[in-house]
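Here is what each chain is made of, one letter per residue.
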Amino acid sequence: MYDVEITRPLTLEAALRLLEEAPDGQVLAGGQTLIPTLKQRLAAPELLVSLGRIEDLRGVSHQPGMLVIGAATTHATVARDAAEAYPALAALAGGIGDPAVRNRGTIGGSLANNDPAACYPAAVLASGATIVTSAREIAAEEFFDGLFTTALDEGEIITAVRVPVPRAAAYLKFAQPASRFALAGVFVAVFDAGVRVAVTGAGDDGVFRWEEAEAALDRRFDPEALAPLALDEDAIMGDIHAGPAYRAHLVKLLTRRAVDELLRNAAPGALRG
Amino acid sequence: MTTISMQVNGKAVSGNVEGRTLLVGFLRDHLGLTGTHVGCDTSQCGACVVHVDGLAVKACTMFAAEAEGAEVTTIEGMAEPGAPLGPIQQAFQDHHGLQCGFCTPGMVMSAAALLREVPRPSEAQVRDYLEGNLCRCTGYHNIVRAILAAAETRGPQGEAQA
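Rules of the game
- Residues numbered from 1 in each chain as written.
- Chains lettered and ligands numbered in written order.
- Predicted model: local features only at pLDDT ≥ 70, side-chain atom pairs only at ≥ 80, totals over all residues.
- Heavy atoms only, no water.
- Helix = DSSP H or I, 4+ residues; strand = E, 2+ residues; numbered from the N terminus.
- Rg over C-alpha atoms; globule rule 2.2 N^0.38 Å.
- Buried < 20%, exposed > 50% of the residue type's maximum accessible area, 1.4 Å probe, protein only.
- Contact = heavy atoms within 4.5 Å.
- Lys, Arg positive; Asp, Glu negative; His and termini not counted.
- Charge placed at Lys NZ, Arg CZ, Asp CG, Glu CD.
- Axes fitted to C-alpha atoms, helices over the stretch in contact; angles between N-to-C directions.
- Parallel < 35°, antiparallel > 145°, perpendicular 65-115°, else oblique.
- Left-handed = near helix turned anticlockwise from the far one by under 90°.
- Nonpolar A, V, L, I, M, F, W, Y, C, P; charged D, E, K, R; others polar.
- Domains from an automatic or database assignment.
- Buried area = accessible area lost by both parts, 1.4 Å probe.
- Salt bridge = Lys/Arg side-chain N within 4 Å of Asp/Glu carboxyl O.
- Polar contact = N/O pair within 3.5 Å; in protein donor to acceptor, adjacent residues only side chain to side chain.
- Pairing = 2+ DSSP bridges.

1. Details of the overall build of chain A
- In terms of helices and strands, chain A carries 10 helices and 12 strands.
- Taking 19 Å as the expected radius of gyration for a compact globule of 273 residues, we find that chain A reaches 19 Å, a close match to that expectation.
- The buried share of chain A, taken over its 273 residues, is 55%.
- Looking at chain A alone, contacts between residues at least 24 apart form 59% of all its contacts between residues at least 6 apart.
- With 24 positive and 35 negative side-chain charges, chain A shows a separation of 8 Å between the mean positions of the two kinds.

Here you go:
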């Protein structure tokens, strides 16, 4: 890796100022993607501005119907502290990478990176979450902008994620056996206003909502309601691990299984309007 | 260059490092603690797992500067030189939980982190927790046996020092 200066400010204001003064600066969150990227010399920032000492960016706070998760909260902390309020989100966080990676990697870092096979984007999109930044609030629908691309501006830092808690939810992923990233992952969330289905790992343009599935499940919350549906394979990603047809098949299968799991496990009444 | 200070295995240490110096490089090259291994250098294999403020991390995927002020425990901190092995280390020996031994420091540190969190894990929990530790020799069975045995021999509280 090229040498780089690391600075560890104590406040968000100081971090923003440092980024403004160093046009070639880069935010360092948990580093679990950024450090491997730097090792491969795929990026060469002159300054890394660590968020590691900014207390305000950490922790899960419980509000009525909602979790507010600090951007620098690790996956391990979300897995533990969201377990009661939002079990599907906690389970998703507890399935990212491995235990040591989960002790460093953060929700804000994952969202800002927007890896097309990352888990968090599916949860955030299916939950209709709001990404709070140093400058504004961005709805999940507006935030993800294609592979590794987001609505964030230069020097803008995610500070928190506001996640509405659904009545019931399930996340299923089919892990790529080597990387453990999602070859396909489906998050199904049941809200008063309807069912939301978000898909990661499979979209040619990154995470997406499968609106046909949402409409079908709104009419009848049953795996069989998905039977007539087919994803447009032209919009599905293909690589050496799995072609578009296989990924499309996985998405449908995982959605069916998620619905099935909810029908078996959700609290009585949670799935009815 | 930056001066960093931290506690490593209970001792105050400091050193001058570049920004790009990784925690594993600081431990091995600056402090001579070569028990922490670099296997893949891509955060896959877990040979470099150490504890930072009580949490297992991959020392090849954390900057040394980020450990400023932290308490770090490495495999060298799991038993005093010349003293008997800790219960996890002893269980690895008793149950043939290693062959070449390259992955063992990381395995032991991951096992210690697991047993602190879950003093009496099931076999499935042990296997799940070792997701990020690769072993090319043993096929894992004896590693899992060793960790389950260590859980039996340790105190009911699962004391921090293994």
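2. A word on the packing of helix α3 (residues 104-117) of chain B against helix α5 (residues 141-153) of chain B
All names here are of chain B.
- Between α3 and α5, the shortest axis-to-axis distance is 11 Å and the interhelical angle comes to 40°. Viewed along their axes, α3 and α5 adopt a mutual orientation that is oblique. Of the two elements, α3 crosses α5, and the hand of that crossing is right-handed. Within the contact between the two elements, α3 uses Met107, Ala111, Leu114 and Leu115 and α5 uses Ile143, Ile147, Ala150 and Ala151.
- By residue class, the composition of the contact of α3 with α5 is eight nonpolar, no polar and no charged.

3. Let's talk about the domain arrangement of chain A
Residue and element names in this part refer to chain A.
- Partitioning chain A into structural domains gives domain 1 (5-50), domain 2 (55-164) and domain 3 (168-265).
- When each unit is reduced to the centre of its C-alpha atoms, the spacing between domain 1 and domain 2 is 19 Å.
- Taken together, the contact between domain 1 and domain 2 spans nine residues of the former and 10 residues of the latter.
- Interface area for domain 1 against domain 2, summed over the two sides, is near 810 Å², with a carbon-plus-sulfur share of 72%.
- Among the residues domain 1 hides against domain 2, the three largest losses belong to Leu12, Leu16 and Gln32. Together they make up 49% of the total.
- Between the two partners, domain 1 and domain 2, sit zero salt bridges.
- The tally of links between domain 1 and domain 2 comes to zero residue pairs in polar contact (both at pLDDT 80 or more).
- Ranked by residue count, the leading element in the side of domain 1 that touches domain 2 is helix α1 (residues 12-21), at four residues.
- Broken down by class, the residue content of the side of domain 1 that touches domain 2 amounts to six nonpolar, three polar and no charged.

4. Some words on the domain arrangement of chain B
All names here are of chain B.
- Along its sequence, chain B is carved into domain 1 (2-77) and domain 2 (87-153).
- Relative to domain 2, the C-alpha centre of domain 1 lies at a distance of 21 Å.
- Regarding the contact of domain 1 and domain 2, the summed buried area is about 1200 Å², with carbon and sulfur atoms giving 61% of it.
- Summed over the three residues of domain 1 that lose the most area to domain 2, namely His37, His51 and Ile75, the buried surface amounts to 41% of that side.
- The interface formed by domain 1 and domain 2 holds zero salt bridges in total.
- At the level of elements, β3 (49-52) and β4 (55-58) are the ones that each hand at least two residues to the side of domain 1 that touches domain 2.
- Of the residues belonging to the side of domain 1 that touches domain 2, the class tally is six nonpolar, nine polar and one charged.

5. Here we look at the sheet that holds strand β5 (residues 66-70) of chain A
Residue and element names in this part refer to chain A.
- Read across the open sheet, the five strands follow the order β4-β5-β8-β6-β7; overall the sheet is antiparallel. Among the strands making up the open sheet, the edge pair consists of β4 (60-63) and β7 (137-139). Looking at each pair of strands side by side, their axes are set apart by 20° on average, direction ignored.
- Two elements, β4 and β5, share four bridges in a ladder whose sense is antiparallel. What sits directly across from His62, in β5, is Leu67.

6. Notes on the interface of chain A and chain B
- Contact residues are listed per partner, giving 26 residues for chain A and 22 residues for chain B.
- A buried area of about 2000 Å², summed over both sides, lies between chain A and chain B, and 55% of it is on carbon and sulfur atoms.
- Area buried by chain A at its contact with chain B is led by Arg8, Lys39 and Arg104 of chain A, which between them contribute 25% of it.
- Our count for the chain A to chain B interface comes out at six salt bridges.
- For Arg8 of chain A, the salt bridge goes to Glu66 of chain B, with nearest N and O atoms at 3.0 Å.
- Here chain A is connected to chain B by 12 residue pairs in polar contact (both at pLDDT 80 or more).
- Only α2 (34-39), β3 (47-50) and α5 (99-102) of chain A provide two or more residues apiece to the side of chain A that touches chain B.
- Here the residues of the side of chain A that touches chain B sort into 14 nonpolar, six polar and six charged.

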